[in-house]
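# Structural features, examined
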Amino acid sequence: MALLIDIRQPSWMQENTLRDVLSPMLPGVPILCGLEDGDLSLVTMAAVSRLHPGMVERLPNLQLVQKLGAGVETIMRERELAPHVRVARISSEMPAHEVAEYCLTYALGFQRNMLTHDAAMRAGRWEKIAPRKTRETTAAILGLGHIGQRAARMFASAGFRTLGWSRTQKTIEGVECRAGGEALGPLLGDADIVASILPATPETRDLFDADLLAQMKLGALLINAGRGDLIVDDALIAALDMGRPGHAVLDVFRTEPLPEDHAFWRHPKVTITPHVSGWHLDDGLPDVAENYRRLTDGRPLLNEVDRERGY
Ligand code: NDP
């Protein structure tokens, strides 16, 4: 039995770095860094940032794919992944806090008209604009899972009237929670700020199409820190041109890196960040070692994904 680490993201955590963290937690366990580092037939668990084409076929004894992060859609879409192979994700505090903080940062920037002030400053103009009152601003958080609940609490404690939306009904102190497809349109019509932290699933794909975007409030801020395929890109461009929403802050995209010729790059009402809202996994890394032990001992895994449901 062996653990394979496969990350392939030059600007992020390196395979060797993760091996150095995990080795003391898994004494005696062979840990391979990449597909050329040893006998792949021994690998029972693969800790990955995504499943690269052709990878699964090379791992005949794979039992568990451990995502090094929260979003598992690329793993779910891997046709070659046998039904018996289990999937787990990392669901730790640090990246959840970071994603929530990202959403709140841009929400507060919106409240304080930061983009307008920045443009005025660069043009050498002294231009006063009243900030919005937070207690009179409604923020809606879409997705009330590990990250969304934290974001909703953060927005509520910053003073926003906070709405939350999920598939099943939730109860969160200080947050007006709603659930199910029919609740979404009215919720958007009520919200000055909408922050999505939804996973990519067949149900959430293309959810923000022209019809749904038209139900947003005029001038609202849309933040997407979940996954890019939530939004129909052309529909968003058209909707921004009509003012619903008034601005979009996007951290995630259908294709990443965002292609150079994509219209988002040049649209004045779009702010782009390169998938950086959740970054540090540190406090979740012991879960990788724990899941290796649990898999080996036949115990329930931490943060196992429901392959039927897709998240
Ligand atoms: P969870 O699985 O804990 O929560 C997902 C939430 O989305 C749940 O509240 C769930 O509802 C809700 N949901 C799922 N499908 C639907 C639907 N069809 N309609 C309404 N609500 C739905 O995930 P996390 O909070 O840990 O992470 C969410 C996503 O954030 C990840 O899947 C990932 O794609 C993204 N992410 C992005 C990062 C970044 O850097 N930009 C970093 C980390 C994560 P219910 O509770 O009822 O099941």
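Position numbers for residues start from 1 in each chain and track the written sequence from start to end. Side-chain atom pairs in this predicted model are given and counted only at pLDDT of 80 or more, local residue features only at pLDDT of at least 70, and totals for whole chains, interfaces and linings cover all residues. The basis for every side-chain value is the complete set of non-hydrogen atoms in the structure, without hydrogens or water.

### As for the overall build of the protein chain
Defined as follows: Elements are defined by DSSP. Helices are runs of H or I of four residues or more, strands are runs of E of two residues or more, and each kind is numbered from the N terminus. Only the C-alpha atoms count toward the radius of gyration. The rule for a globule is 2.2 Å times the residue count to the power 0.38. Any pair of residues with heavy atoms lying within 4.5 Å of one another is described as a contacting pair. Counted charges follow a simple rule, with Lys and Arg positive, Asp and Glu negative, and His plus the chain ends left uncounted. Working definition for charges: the position is that of NZ of Lys, CZ of Arg, CG of Asp or CD of Glu.
Helix and strand counts for the protein chain come out as nine helices and twelve strands. Against the 2.2 N^0.38 benchmark of 19 Å for 311 residues, the protein chain shows a C-alpha radius of gyration of 21 Å, consistent with a compact globule. Principal axes of the C-alpha set define a box for the protein chain whose edges measure 65 × 40 × 35 Å. Expressed as a percentage of contacts within the protein chain between residues at least 6 apart in sequence, the contacts between residues at least 24 apart total 59%. Averaging the positions of the 34 positive and the 41 negative side-chain charges in the protein chain gives two centres separated by 6 Å.

### Some thoughts on the nonpolar core
Put simply, the test is: Among the buried residues, those of types Ala, Val, Leu, Ile, Met, Phe, Trp, Tyr and Cys that are joined through side-chain atoms within 4.5 Å form a nonpolar core. A simple rule labels every residue: compare its accessible area, found with a 1.4 Å probe on the protein chains alone, to the largest value its type can have, and call it buried under 20%, exposed over 50%, or partly exposed in between.
Grouped together as the largest cluster of nonpolar side chains are 30 residues, with contacts concentrated most on Phe208 and Leu236. Elements represented by at least two residues in this core include exactly β6 (138–142), β7 (161–166), α6 (181–189), α7 (210–213), α8 (233–241) and β11 (247–250). Sorting elements by how many residues they give to this core places α8 first, with five residues. Counting 27 residues, the second-largest nonpolar core is a separate cluster that includes Phe160, Ile172, Cys177 and Leu221.

### Brief notes about empty space enclosed by the protein
Counted only if it meets this: Definitions used throughout: a 1 Å grid over protein atoms alone; a cavity as a set of points that fits a 1.4 Å probe which cannot get out; a pocket as an open set with protein on both sides within 12 Å along at least five of seven lines; a lining residue as one with an atom within 4 Å of a point. Grid points are joined across faces, edges and corners, and a volume is the space filled by probe spheres set on the points. Here the term charged refers only to Asp, Glu, Lys and Arg, the term nonpolar to Ala, Val, Leu, Ile, Met, Phe, Trp, Tyr, Cys and Pro, and the term polar to all other amino acids, Gly among them.
Under the definition given, this model contains one cavity of 30 Å³ or more. Taken together, Asn224, Gly228, Ile231, Asp233, Leu250, Val252, Phe253, Arg254 and Phe264 make up the full set of residues lining the largest cavity. Partitioning the lining of the largest cavity into residue classes produces five nonpolar, two polar and two charged.

### Examining the pairing of β6
Regular strands place side chains that alternate from one sheet face to the opposite one. Inclusion rule: Two strands are counted as paired when DSSP detects at least two bridges linking them.
For β6, the tally of buried residues reaches five of five residues, placing the bulk of the element in the interior. Going residue by residue along β6, you find Thr138, Ala140 and Leu142 tucked away on one face and Ala139 and Ile141 tucked away on the opposite face as well. Of the strand pairs in this sheet, β6 and β7 are connected by five bridges, and their pairing is parallel. Bridging from a neighbouring strand, threonine 138 pairs with arginine 161 of β7. When β6 meets strand β9 (residues 193–196), the two strands line up parallel, connected through four bridges. The residue of β9 that forms the bridge with alanine 140 is valine 194.

### Considering the sheet that holds β6
Stated formally: The convention used is that axes are lines fitted to C-alpha atoms, helices contributing only their stretch in contact, and that angles between N-to-C directions extend from 0 to 180 degrees.
Here we have seven strands laid out as an open sheet, ordered β8-β7-β6-β9-β10-β11-β12, and parallel in their pairing. Since the sheet does not close on itself, it has two edges, and those belong to β8 (175–179) and β12 (270–272), each with one partner. Ignoring which end each strand starts from, the neighbouring axes of this sheet average 15 degrees apart. Alignment of β9 against strand β10 (residues 221–224), held across four bridges, turns out to be parallel. Bridge pairing links alanine 195 to isoleucine 223 in β10. Contacts between helix α3 (residues 93–111) and the sheet are confined to β9, β10, β11 and β12, with β10 contributing the most and set at about 160 degrees to the helix. Each of β6, β7, β8 and β9 is contacted by α6, which is oriented at about 155 degrees to β7, the strand it contacts most.

### Quick look at the site of the ligand
Counted only if it meets this: Each residue is tested against the molecule or strand, and it is near if at least one of its non-hydrogen atoms lies within 4 Å. Think of a polar contact as two N or O atoms within 3.5 Å of one another; within protein, one of them needs to be a possible hydrogen donor and the other a possible acceptor, and neighboring residues in sequence only count if both atoms come from side chains. Computed by Shrake-Rupley with a 1.4 Å probe, the accessible areas treat only the displayed protein chains as cover when residues are assessed.
By nearness alone, 29 residues border the ligand, and His146, Ile147, Thr168, Lys170 and Tyr311 come closest of all. Here a nitrogen atom of the ligand and a backbone polar atom of alanine 225 are 3.0 Å apart. Side-chain polar atom of serine 277 to a nitrogen atom of the ligand: 2.9 Å apart, as the coordinates give it. For the ligand, the protein covers 91% of the area, taking 940 Å² as the surface of the free molecule. Of all elements in the fold, only α5 (146–157) and β7 reach the threshold of two or more residues within the shell around the ligand. Class assignment for the residues of the shell around the ligand results in eleven nonpolar, twelve polar and six charged.

### Digging into the domain arrangement of the protein chain
Threshold: These domain limits were set by an automatic method or by a database of domain assignments. The term buried area denotes the loss of accessible surface (1.4 Å probe radius) that occurs when two parts are joined, taken as the sum for both partners.
Taken as a whole, the protein chain is organised into domain 1 (2–92 + 281–297) and domain 2 (93–272). Between domain 1 and domain 2, the C-alpha centre-to-centre distance is 32 Å. Taken together, the contact between domain 1 and domain 2 spans ten residues of the former and nine residues of the latter. Buried surface at the junction of domain 1 and domain 2, summed over both partners, amounts to about 720 Å²; 46% is from carbon and sulfur atoms.

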